[in-house]
Amino acid sequence: MAGMKSVILALALLAGVDAKVYFKEQFNDEKWESRWVASTFPGKSASDMGAFEWTAGEWYGDENDKGIKTSQDAKHYGLSAMMDKSFTQKKDLVIQYTVKHEQKLDCGGAYIKIASKADQKSFSGDTPYQIMFGPDMCGSTKRTHVIFNYPAKDENLEAKSEIKCETDQKSHLYTLHIKADASYEVFIDEESKQTGKLEEGWDFLLPKEIKDPKESKPEDWVDAKKIADPEEAKPEGYDDIPAQIEDPEAEMPDDWDEEDDGEWEPPMISNPDYKGEWKPTMIDNPDYKGPWEHPLIANPDFKDDKNLFQRCKDCAMIGFELWQVKSGTMFDDIIVTDSLDEAKAFAKETFFAKKDAESEMFDNVEEERKAAEKAEREAAKAAKDAEEEDEEEEEHDEL
């Protein structure tokens, strides 16, 4: 047993040694701005762009552990950093970072992008990218984007199945794991939210089979499950039964004057013998063949992609290009690596090391906020009551 533990430990250490970290940022030093470049979107002016604030936030697990936070309402935000060197994905790829919406975000993005080398000064939504990952909210839309650029189609493909994002005011850890076997998994706070095959989760490839264009449903195909009973006929006189009849119990009022009021007509009531429009009884169709299924054939245009897992080719840059109606979103602890274990180890020493203390501070801040709001409401009520009492005394004195 001891020998087996040693082997497992050795393998874990070996995995850590072999892991490649393409990018890591914790924003814990004042020189962070020298590593990042702010951009102005094409067609926008500097006044349209918001600034990132370097801060630990309003609640935190460690006041010395800082991140960057959007600081101006109704602004665009552009910020990017170059990796030490570009890379092309050869095996797994993991993108991970933390997001905290201190402002109760109602409309705005908080996603991150991985791209090839580009002009950082103009980095924007128009800049080509290879991966876009992270939360985005506006109104009823609250999703975690996972978008891949697919050169074969020259399209940015959104995941077919929506992944919900977190909407509270605490920090959350977002992790995208793209595996070398062309599968994927999305985690939030290391809890799996969606997993599957890339081929099934996005419209990368054309369908392997298509409907045979030479086939069509035969004209004599019977797909009606039920038919009217041919042996049943509508009863004679059925259509002569009126829906309403004169009320047989109604009597002309004693004060009715036909010269002045006209000829008296009894009110109409529903006819108890009326059964509605006649409909024949439906029976099983003896000629029913079931729904016709269009025969499928191999799609002559289908092309497989053995490198579908390779979602990063010559990736060299990471960045944020966002719009936020209300500012206050924080970003921290970014890592791009080829090892999920490496990302988890980084999360353990960063996100999870701060998580509980931040949560406790947030709860305390919320209690203080609610207590202050309650005191303010009570003070306002007391002032209003005192004002009304003074007015009543003045009225009494006047009397």
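Residues numbered from 1 in each chain as written. Predicted model: local features only at pLDDT ≥ 70, side-chain atom pairs only at ≥ 80, totals over all residues. Heavy atoms only, no water.

Undergrad: What am I meant to see in the overall build of the protein here?
TA: The secondary structure content of the protein amounts to six helices and 22 strands. On C-alpha atoms alone, the protein measures out to a radius of gyration of 35 Å, which is more than a quarter above the 21 Å that the 2.2 N^0.38 rule sets for 399 residues. Viewed in the frame of its principal axes, the protein has a C-alpha envelope of about 105 × 100 × 60 Å. The long-range share in the protein, meaning contacts at least 24 apart out of those at least 6 apart in sequence, stands at 74%. Working note: accessible area of the protein is about 24500 Å², and carbon and sulfur atoms make up 48% of it. Each charge class in the protein can be summarised by its mean position, and for the 51 positive and 96 negative side chains these summaries are 17 Å apart. (Helix = DSSP H or I, 4+ residues; strand = E, 2+ residues; numbered from the N terminus. Rg over C-alpha atoms; globule rule 2.2 N^0.38 Å. Contact = heavy atoms within 4.5 Å. Areas by Shrake-Rupley, 256 points an atom, 1.4 Å probe, with all protein chains shown as cover. Lys, Arg positive; Asp, Glu negative; His and termini not counted. Charge placed at Lys NZ, Arg CZ, Asp CG, Glu CD.)

Undergrad: Help me out: how do you make sense of the packing of aromatic side chains in this one?
TA: To describe a pair of aromatic rings, one takes the distance between the centres and the angle between the planes. The full count for this structure, using the stated rule, is 20 aromatic pairs. With centroids separated by 6.3 Å and ring planes inclined at 45 degrees, the aromatic side chains of F52 and F320 adopt a geometry described as tilted. Within this pair, whereas F52 is found in strand β3 (residues 52-55), its partner F320 is found in strand β21 (residues 315-324), the two being separated by 268 residues in sequence. When sorted by exposure, F52 lands in the same class as F320, which is buried. (Phe/Tyr/Trp six-rings, centres within 6.5 Å; stacked < 30°, edge-to-face > 60°. Buried < 20%, exposed > 50% of the residue type's maximum accessible area, 1.4 Å probe, protein only.)

Undergrad: Just to check I follow, could you spell out the pattern of salt bridges for this structure?
TA: A side chain with one charge can pair with a side chain of the opposite charge if their charged atoms come near. Counting across every chain of the model gives 24 salt bridges. Put simply, E58 and K69 hold a salt bridge, and the shortest N to O gap is 3.7 Å. Note that E58 is positioned in the loop between β3 and β4 (67-70) and K69 in strand β4, a separation of eleven residues in sequence. A salt bridge links K306 to D304, with the shortest nitrogen-to-oxygen separation between them at 3.2 Å. A single network of salt bridges, built from pairs that share partners, joins E58, K69, K100 and E102. (Salt bridge = Lys/Arg side-chain N within 4 Å of Asp/Glu carboxyl O.)

Undergrad: What exactly am I supposed to notice about a positive patch on the surface here?
TA: On the surface, a cluster of positive charge is made up of K20, K85, K90 and K313. Tracing the sequence through the fold places K20 in the loop between α1 (2-18) and β1 (21-25). (Patch = residues over 30% accessible without salt bridge, like charges linked within 9 Å, V, L, I, M, F, W, Y side chains within 5 Å.)

Undergrad: So what exactly am I meant to see when it comes to helix α5 (residues 340-349) here?
TA: The periodicity of an α-helix, 3.6 residues per turn, causes residues three or four places apart in sequence to face the same way. Regarding α5, the residues found buried are L340, A343, F346 and A347. Angularly, the buried residues of α5 cover 125 degrees about the axis, an arc narrow enough to put them on a single face. Exposed and facing more than 90 degrees away from the buried side of α5 are D341, K348 and E349. Two or three places before D341, at the start of α5, stands the capping residue S339, its side-chain oxygen 3.3 Å from that residue's backbone nitrogen. (Arc of directions from axis to C-beta. Polar contact = N/O pair within 3.5 Å; in protein donor to acceptor, adjacent residues only side chain to side chain.)

Undergrad: Could you clarify how one ought to interpret the state of the cysteines in this entry?
TA: A disulfide bridge is the covalent bond that connects two cysteines by way of their sulfur atoms. Under the criterion given, the structure shown has two disulfides. What pairs with C107 in a disulfide is C138, and their sulfur atoms sit 1.9 Å apart. Across the S-S bond linking C107 and C138, the dihedral sits near -85 degrees, which makes this disulfide left-handed. Taken together, the positions of C107 in strand β7 (residues 107-109) and C138 in strand β9 (residues 131-138) put the pair 31 residues apart, joining distant regions of the chain. (Disulfide = S-S within 2.5 Å.)

Undergrad: Honestly, the layout of surface pockets in this entry has me stumped. Any pointers?
TA: Summary: where empty space remains is shown by rolling a probe the size of a single water molecule over the atoms. In this structure, the largest pocket encloses a volume near 270 Å³. Along the wall of the largest pocket there are 25 residues; nearest its centre are K100, S171, F351, K354 and E358. Among the elements of the structure, β6 (93-101), β22 (329-337) and α6 (351-398) are those that each provide at least two residues to the lining of the largest pocket. Ranked by residue count, the leading element in the lining of the largest pocket is α6, at five residues. Its volume calculated, the second largest pocket comes out at about 230 Å³. Lining the second largest pocket, in full, are Q130, N149, Y150, P151, A152, D305, N307, Q310, R311, C312 and K313. (1 Å grid on protein atoms, 1.4 Å probe; cavity = no way out; pocket = protein on both sides within 12 Å on 5 of 7 lines; lining within 4 Å. Points joined across faces, edges and corners; volume = space filled by probe spheres on them.)

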